[in-house]
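Report on the structure
Here's the letter readout for the chains.
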Amino acid sequence: MKNIMVTGGAGFIGSAFVRQMVKKHPEFNIIAFDKLTYAGNLENLTPVNDLPNFKFVQGDIADREAVRSTYEEHAIDTVVNFAAESHVDRSILSPDAFINSNTVGVHILLESAQKHGMERFLHVSTDEVYGDIEGDHFSLEDDPFQPNSPYSASKAGGDLMVRAYHVTYGMNTIVTRGSNTYGPYQYPEKLMPFFISEAIDDRPLPVYGNGMQVRDWLHVEDHAGGIYTALMKGEAGQAYNIAGENQQNNIDVIRLMLKHLNKPETLLKYVPDREGHDRRYAMNCDKLKALGWKRLYDHSDFDKAVADTVAWYKANESWWRKIKTGEYLEYYKRQYAARLAAAGATA
Ligand code: NAD
Ligand code: DAU
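For every chain, the first residue of its written sequence is number 1, and the numbers climb from 1 along that sequence. For this description, chains carry letters from A and ligands carry numbers from 1, given in the order in which they are written. Two thresholds apply to this predicted model, a pLDDT of at least 70 for residue-level local features and 80 or more for giving and counting side-chain atom pairs, whereas whole-chain, interface and lining totals are computed over all residues. With hydrogens and water excluded, all non-hydrogen atoms of the structure serve as input to the side-chain values.

Right, let's get into the packing of helix H6 (residues 191–200) against helix H10 (residues 302–315). It is the contact of H6 with H10, at a shortest axis distance of 10 Å, that shows an interaxial angle of 55°. As summarised for this structure, H6 and H10 are arranged oblique, according to the angle between their axes. Considering only the axes of H6 and H10, their crossing is right-handed. Residues Met192, Pro193, Ile196 and Ile200 of H6 pack against Phe302, Val306, Thr309, Val310, Tyr313 and Lys314 of H10. Here the term charged refers only to Asp, Glu, Lys and Arg, the term nonpolar to Ala, Val, Leu, Ile, Met, Phe, Trp, Tyr, Cys and Pro, and the term polar to all other amino acids, Gly among them. When its residues are assigned to classes, the contact of H6 with H10 shows eight nonpolar, one polar and one charged. Axis angles are defined between N-to-C directions and span 0 to 180 degrees, where every axis is a line fitted to C-alpha atoms and, for a helix, only to the segment in contact. Put simply, DSSP H or I for four residues or longer makes a helix, DSSP E for two residues or longer makes a strand, and each gets a number counted from the N terminus. Just so you know how the angles are binned, under 35 degrees is roughly parallel, over 145 roughly antiparallel, 65 to 115 roughly perpendicular, and the rest oblique. Crossings are assigned a handedness: left-handed for a near helix turned anticlockwise from the far helix by less than a right angle, right-handed for a clockwise turn. Only heavy atoms matter for contacts: two residues are in contact if any of them lie within 4.5 Å across the pair.

Encoded structure:
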């Protein structure tokens, strides 16, 4: 392992992984490859931009020639694929880009890797491939896939294609499936940064349905650390769940954010639910723990971790205010205007 291509390296989790790797492994060359979609942001890479073992290449994982030439020019021996359309609500509005990046794009990365020769190919997948988890079950890596949104179906397509390249062509692959991730540099369409940034401006906060959906919250540093453990120690052909073991109802998470923001509950507006909304995700992550993975943030640290996350967005207003313009505002209207109107509020 010497030249590692991190696709989606300018996004939320990809950039956290790049920042960790560049500093931890000066002997590796880290090449961030990113299309810079609406969610890609070079500012997320500012802390490593001038380091000698870091390079950035703009490109699309669904573009065969861009992938081939990057593999060759940088003598890539390892791929860590974060690149994806990642927002469930956007996938409900417009699924096409999701299928193109999350399924077709993964295939193009694999096909070119097979031709070029690759020591290891790690693909970043999600707990959403297992679908809505009933009762008190915790998904295991061999559980069946039951994706319910265009996003999760497109991620399941990529995840299964990685499996096929291992079984059919013997490629050295690893899949990780992470849970709901939070922390600094998250695009402000996702629950935490969206609600924090809206609440700072005293704007209405659209809670989907009754707010009783359950997510398992994982700090971004721990998600990146879990991917690192799987990359270094995982067994070829295996999948590893990366869980926060920190189940929370949405409404409890929202109340915690309001507490640390010192903002009133009158900002909350209960709006019509997300279509096909999965009620609960929950995974067992003993398999990754057996490789030595340990989290920095546990369930008992969540209050403090949310306080720190709120503090980061308060201290970095210029980062998210730049984003909340142009296309963002068009998306915001499409997603929320009618919902908020139904709840008697104005978008
Ligand atoms: P993000 O939207 O913040 O970042 C995605 C990045 O991928 C962006 O920089 C974007 O420009 C880039 N990208 C998109 N399409 C591309 C393409 N075709 N070619 C090259 N680059 C492209 O997403 P994130 O939250 O950082 O998620 C990263 C990965 O982790 C995704 O694969 C996602 O499915 C997975 N994941 C996310 C979470 C979460 O809670 N955020 C949890 C589990 C798994
Ligand atoms: O579980 C892993 C997944 O977590 C990742 O694969 C996805 O890339 C990531 O976006 C995330 O998906 P979610 O749909 O769970 O995250 P989101 O932040 O969009 O929503 C979290 C919960 O909050 C979900 O139950 C919907 C709810 N929600 C979200 C928004 C944006 C609201 O109630 N109101 C909102 O405005």
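With that settled, the discussion passes to the pattern of salt bridges. Opposite charge on two side chains permits pairing when their charged atoms draw close. For salt bridges, the criterion is a side-chain nitrogen of Lys or Arg within 4 Å of an Asp or Glu carboxyl oxygen. All chains considered together, the criterion is met by 22 salt bridges. A salt bridge links Arg64 to Glu111; the shortest N-O distance between them is 2.7 Å. Placement of the pair is Arg64 in helix H2 (residues 64–73) and Glu111 in helix H4 (residues 96–116), with a sequence separation of 47 residues. Note on classification: 1.4 Å probe, protein chains only; a residue is buried when its accessible area is under 20% of the maximum for its type, exposed when over 50%, partly exposed between these limits. By relative accessible area, which is 18% here, Glu111 ends up buried.

Moving on to the pairing of strand E11 (residues 238–242). For E11, the buried fraction is high: four of the five residues fall into the buried class. When DSSP locates at least two bridges between a pair of strands, those strands are taken to pair. Where strand E6 (residues 173–178) and E11 come together, five bridges link them in parallel fashion. Across the sheet, Arg177 pairs through a bridge with Asn241, a residue of E11.

A few words now on the nonpolar core. In terms of nonpolar packing, the biggest core is built from 40 residues, with Phe17, Val18 and Val80 touching the most fellow members. When residues of this core are traced back to their parent elements, those giving at least two are strand E1 (3–7), helix H1 (12–24), strand E2 (29–34), strand E5 (120–126), helix H7 (220–233) and E11. Sort the elements by how many residues they give to this core and H1 lands first, with seven residues. In this text, buried Ala, Val, Leu, Ile, Met, Phe, Trp, Tyr and Cys residues form a nonpolar core when linked through side-chain atoms within 4.5 Å. One finds Tyr182, Phe195, Tyr313 and Trp320 within the second-largest nonpolar core, a separate group that totals 37 residues.

This part is about the packing of aromatic side chains. We call Phe, Tyr and Trp rings a pair once their centres come within 6.5 Å, taking the six-membered ring for Trp, and we label the pair stacked below 30 degrees between planes, edge-to-face above 60, and tilted otherwise. Per the counting criterion, the structure on display carries 18 aromatic pairs. Taking the centre distance of 5.4 Å and the plane angle of 50° together, the rings of Phe17 and Phe82 count as tilted. Separated by 65 residues along the polypeptide, Phe17 in helix H1 and Phe82 in the loop between strand E4 (78–81) and helix H3 (88–93) bring together distant segments of the chain. A single burial state applies to Phe17 and to Phe82, both of which are buried. Between Phe194 and Tyr336, the aromatic rings sit 4.9 Å apart at their centres with planes inclined by 25°, giving stacked as the arrangement. Here Phe194, found in helix H6, pairs with Tyr336, found in helix H12 (residues 327–342); they are 142 residues apart in sequence, far enough to count as distant. By the ring-pair criterion, three or more aromatic residues cluster together here, those being Phe194, Phe195, Tyr208, Tyr332 and Tyr336. Cation over ring: Arg90 sits above Tyr38, and NZ or CZ is 3.7 Å from the ring centre. Working rule: Lys NZ or Arg CZ, within 6 Å of ring centre, within 35 degrees of ring normal, means a charge sits over the ring. If you follow Arg90 out to its NZ or CZ, it ends over the ring of Tyr331, 4.1 Å from the centre.

Turning to the site of ligand 1, a few remarks are in order. In the region of ligand 1, 29 residues are neighbours, and Ile13, Asp34, Ser86, Tyr151 and Lys155 sit closest. Within the backbone of Ile13, one N or O atom sits 2.8 Å away from an oxygen atom of ligand 1. Throughout this description, a polar contact denotes any pair of N or O atoms lying within 3.5 Å of each other; where both atoms belong to protein, one of them has to be capable of donating a hydrogen while the other can accept it, and for residues adjacent in sequence the pair is counted only when both atoms sit in side chains. Asp60 is positioned with one of its side-chain polar atoms (N or O) 2.8 Å from a nitrogen atom of ligand 1. Elements supplying a minimum of two residues to the shell around ligand 1: H1, E5 and helix H5 (150–169). Per element, the largest residue contribution to the shell around ligand 1 is three residues, and it comes from E5. We call a residue near a molecule or strand whenever a single non-hydrogen atom of that residue lies within 4 Å of it.

Turning to the site of ligand 2, a few remarks are in order. Ligand 2 sits among 25 residues. The nearest are Thr126, Asp127, Tyr151, Asn180 and Arg274. Between ligand 2 and the protein, one listed contact pairs an oxygen atom with a side-chain N or O atom of Asp127 at 2.5 Å. In the environment of ligand 2, an oxygen atom lies 2.6 Å from a nitrogen or oxygen atom belonging to the side chain of Asn180. What sets the accessible areas is the Shrake-Rupley method with a 1.4 Å probe; for residues, cover comes only from the shown protein chains. Compared with its free state, where it exposes 680 Å², ligand 2 has 95% of that area covered by protein.

The subject of this paragraph is the sheet that holds E6. Reading across the sheet, the seven strands line up as E3-E2-E1-E4-E5-E6-E11 and stay open at both edges, with parallel pairing between neighbours. The open sheet has two edge strands with one neighbour each: strand E3 (54–58) and E11. For this sheet, the mean angle separating the axes of adjacent strands, direction not counted, is 20°. As paired strands, E1 and E2 are joined by five bridges and run parallel to one another.

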